[in-house]
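# Structural overview
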Amino acid sequence: MGSVYSLLKNFGFPKSITLCPMKSIVGICTTAVTMSMVFPNENVDGRPAPALFRDRPTDYHMFLISTLFVFIGAFSALLIQHKPRVERCCRIIAIASMLSALTIVLFATALWFLGPFLNYHVGQLPLGLSNWKAAIVKAVL
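Residues numbered from 1 in each chain as written. Predicted model: local features only at pLDDT ≥ 70, side-chain atom pairs only at ≥ 80, totals over all residues. Heavy atoms only, no water.

### Thoughts on the nonpolar core
Core analysis: the largest hydrophobic core is formed by 10 residues, namely Met22, Ile25, Val26, Cys29, Val70, Ala74, Ala77, Leu78, Cys90 and Ala94. Among all residues touching Cys29, those that are not within four sequence positions of it are Thr67, Val70 and Phe71. Counting residues in hydrophobic clusters, the runner-up holds nine residues, among them Val44, Phe53, Tyr60 and Phe63. (Core = buried A, V, L, I, M, F, W, Y, C linked by side-chain atoms within 4.5 Å. Buried < 20%, exposed > 50% of the residue type's maximum accessible area, 1.4 Å probe, protein only. Contact = heavy atoms within 4.5 Å.)

### Quick word on the side chain of Ser97
With respect to the secondary-structure elements, Ser97 resides in helix H4 (residues 84-123). Assessed through its relative accessible area of 12%, Ser97 is described here as buried. When sequence neighbours within four positions are dropped, the list of residues in contact with Ser97 reads Ser66, Phe69 and Val70. (Helix = DSSP H or I, 4+ residues; strand = E, 2+ residues; numbered from the N terminus.)

### Digging into the pattern of salt bridges
All chains considered together, the criterion is met by two salt bridges. Of the charged contacts, one joins Arg56 and Asp59 as a salt bridge, the two residues approaching to 3.6 Å between their closest N and O atoms. Salt-bridge contacts for Glu87 lead to Arg91; the nearest nitrogen and oxygen are separated by 3.1 Å. Here the residue Glu87 and the residue Arg91 both occupy positions in helix H4, the gap between them amounting to four residues, near one helical turn. This pair shows no difference in class: Glu87 is buried, exactly as Arg91 is. (Salt bridge = Lys/Arg side-chain N within 4 Å of Asp/Glu carboxyl O.)

Structure (structure tokens):
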């Protein structure tokens, strides 16, 4: 079975319909980065980071790099329309990076909400398990 593009091409759909997702991805990417700059920031190691990533600046940097790859992939797919293989590769990079950025944000959000809950309950462990407590807190946070 052929790709979606070849199926759409055989049915006579214009190429603009197949490029609409890439235009949307470019818009979503730029909106996400702009929103991350507008959210309340805290200084972490002398550099501003959104409050969602205050305990995990590495995750914030991974998010920024992922959104950079999303933008590069989607914008390249829009610019390179005359080479279908390169365009498809750029689309795959854009979609994979977008899923990666979304996963990083969901992970940070989950830890932001569950972090205090996990710290409280790990603090209630018996005293003999202090090494376990440190290991669990380090692994989760």
